[in-house]
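The lines below spell out each chain.
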Amino acid sequence: MSKKENKFENYNQFHLLSTLRKNTIMWYPFKNNSKILHIGSEAGILTEFLCTKGEVFCINENVDLNTINQIRNPNAHIYDYSIPKFISDFHHKVDYVVIEGLLDTISNKKDVLTKCQNILNEGGQIIILTNNKLGIQYFSGAKDNIISNDFANILSNNNLYTKKQWCELLDNLKLKYQFYYPYPNYEFSEYVFSNIPNVSDINRSLSIFEGYRNEYFDEVKAMRHIIEMGSFEDFANSYMIIINASCPIKYTKFARERKKIYQIYTSIVNRNDDKYVVKTPIYDIGKEHMNHIYKTYKKIKSVNKYSNIAYCPVIKDNNNLIFNFIKGKTLEELINEDVEKNNVYEIEKKLDIVDKIISIGECTPFKVNESFLEIFTNQDYSILNDKECYEITNIDLILDNILVNDCYNVIDYEWILDCQVPKSFIMFRTIFHSHALSKLPKDILDRIYQRYGISKDLGRIYLNMEVHFQMTPIFIDSLITVKNQANLNYLLEPLLLDVIILDIAIVLQIKVKRLHLIVLFQILIRKMFINQRLLNIV
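Residues numbered from 1 in each chain as written. Predicted model: local features only at pLDDT ≥ 70, side-chain atom pairs only at ≥ 80, totals over all residues. Heavy atoms only, no water.

Looking at helix α14 (residues 344–358)
Step number 1: Under the 1.5 Å per step criterion, the end-to-end length of α14 is 21 Å for 15 residues, consistent within 8% with the ideal 21 Å.
Step number 2: Of the residues making up α14, those classed as buried are Val344, Ile347, Glu348, Lys350, Leu351, Ile353, Val354, Asp355, Ile357 and Ile358. (Helix = DSSP H or I, 4+ residues; strand = E, 2+ residues; numbered from the N terminus. Expected span 1.5 Å × (residues − 1). Buried < 20%, exposed > 50% of the residue type's maximum accessible area, 1.4 Å probe, protein only.)

Next comes the structure, spelled out in structure tokens:
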């Protein structure tokens, strides 16, 4: 068992006010100009989003939180109602009822749902956000919001429901319903699944956000095993239950650890028996990023001369980008199969395809310029002089972004940089971020790096570049509050020493007063996929 330190100066404040909480509902296709009832509105974070969709009524007993909500959302109609008073006195007709967590705390769920059904307009929907009594978070040490003892939800007869109990209740009420699974939970969603996720989607627990708690086992590892056993639905931390509607969206992933211009969510959508992938900017300014991706596709299409390499087609729809849904296995999955069989020849053969994809367009020798230094900062780059660079600098050509069927399909080309970057650095990132390749013995992994011209000295430079890339202004905007880049470099100096051994425990113990810096460190660790085998390159 390990103990998690309190990661935030005031976790309750963070919990109430974090805009990450909007993730759970912002992807849902609400109709514009609707009337919406928000039950359990707290300080109004979700209310703020709902107000963009129409007229909003809020029900919450806490007068102080209602005051905050009213200041945040002056156009919302806020009622200091208890549940019994809501059932007896609320008579507005609405198109949607969003119940945020409140059903976790009450026993008369049936009465509340019956009331909600009675106030819906024709075609109206109910959306329930709720925690699962058997959520794996509670087994691993997370505490209930009301009962603070470890395992209290499991050992006590509280008001939380399992999925089976929810199905029984909704069936008894003769309601049509659909389950979604926000991950890690509905309060801080990074994904929303409609069915069992891929194991690779499970990459962190809630402890990155929570206050002080015990951690009795590796929650991520346990959940991956649960998925392999087919029991994810029973042990998911949270449910999002849609009543009276069938939503065509099957999957959503959020990218929020970026500047506002780059923040997006990506959904898989069923339309007329076909599937599409839709990228949506979270903020209006994000349309610039969408335009950049669209122009990138046009450019790549014009210079790609390989018949066995394709880039996923895309069209623009207002500010959204709609991509074809391509069936196949990712190169990460295929290489993982080769790793399990210890088939190094096939691994290298597949990585040679990545090397070929990187080599699209005109070849030029590397020269340091201002655009490069803005991203990777200044250090001794003499070892990179005259390294091969190519016209299309797809910095994020990781194995999960290449789907294989009758050809090799690059499905994500969001990060095409406008500066020269050595071809071998892109290959370094491809190898470095592969979970499958990290399982190889050190001597074989060394051989693979060497195959693509990445020596120990070059690997040290590239790892430094990777750290700086993760700290680039693309990612840090609202996540960090410092006066200038010099301050940032000073604060992060423990991460940038020669060997750059990022021991997770050491990083999390760095005493930094600023809440957002700590969030940044954790995002860096999660994104970098650091493990000892990969660090052997340096």
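Having seen the model, we can carry on.
Some remarks on the nonpolar core
Step number 1: Ranked by size, the top nonpolar core spans 114 residues in total, and within it Leu37, Phe86, Val97, Ile99, Leu113, Phe376 and Leu437 carry the most contacts.
Step number 2: If one sorts the elements of this core by residue count, α14 sits on top with seven residues.
Step number 3: Filtering out sequence-adjacent residues up to four positions away, Phe376 remains in contact with Tyr381, Ile395, Leu417, Val421, Phe425, Met465, His468 and Phe469. (Core = buried A, V, L, I, M, F, W, Y, C linked by side-chain atoms within 4.5 Å. Contact = heavy atoms within 4.5 Å.)

What to know about the side chain of Ser189
Step number 1: Here Ser189 shows up in the loop between β7 (177–183) and β8 (191–193).
Step number 2: Classification of Ser189 by relative accessible area gives buried; the value is 2%.
Step number 3: Reaching out from Ser189, the side chain makes a polar contact with the side chain of Thr24 at a distance of 2.8 Å.
Step number 4: One polar contact links the side chain of Ser189 to the main-chain carbonyl oxygen of Asn185, over a distance of 2.9 Å. (Polar contact = N/O pair within 3.5 Å; in protein donor to acceptor, adjacent residues only side chain to side chain.)

A word on the environment of Thr162
Step number 1: Here Thr162 is to be found in the loop between α8 (152–155) and α9 (163–172).
Step number 2: Residues Thr162 and Asp234, 72 residues apart in the sequence, show an inter-C-alpha distance of 7.3 Å.

Looking at the packing of aromatic side chains
Step number 1: As enumerated under the stated definition, the model contains 37 aromatic pairs in all.
Step number 2: Taken together, a centroid distance of 6.4 Å and an interplanar angle of 45° make the contact between Tyr183 and Phe193 tilted. Of the two residues, Tyr183 is situated in strand β7 and Phe193 in strand β8; the sequence distance between them amounts to 10 residues.
Step number 3: Grouping aromatic residues by their ring pairs yields a cluster made of Phe366, Phe372, Phe376, Tyr381, Phe425, Phe428, Phe432, Tyr449, Tyr462 and Phe469.
Step number 4: When the ring centre of Phe179 is taken as reference, the NZ or CZ atom of Lys163 above it lies at 4.8 Å.
Step number 5: One residue, Lys275, lies across the ring of Phe325, its end atom 5.0 Å from the ring centre. (Phe/Tyr/Trp six-rings, centres within 6.5 Å; stacked < 30°, edge-to-face > 60°. Lys NZ or Arg CZ within 6 Å of the ring centre and 35° of its normal.)

Describing helix α10 (residues 219–228)
Step number 1: Taken together, the buried positions of α10 are occupied by Glu219, Val220, Met223, Ile226 and Ile227. Summarising the axial view, the buried residues of α10 lie within an arc of 120°, below the 170-degree limit, and thus occupy one face. Across α10 from its buried face, at more than 90 degrees, point the exposed residues Lys221 and Glu228.
Step number 2: Looking at where α10 begins, the residue whose side-chain oxygen comes 3.1 Å from the main-chain nitrogen of Val220 is Asp218.
Step number 3: One or two steps after α10, the chain reaches Gly230, where phi turns positive at roughly 80°. (Arc of directions from axis to C-beta.)

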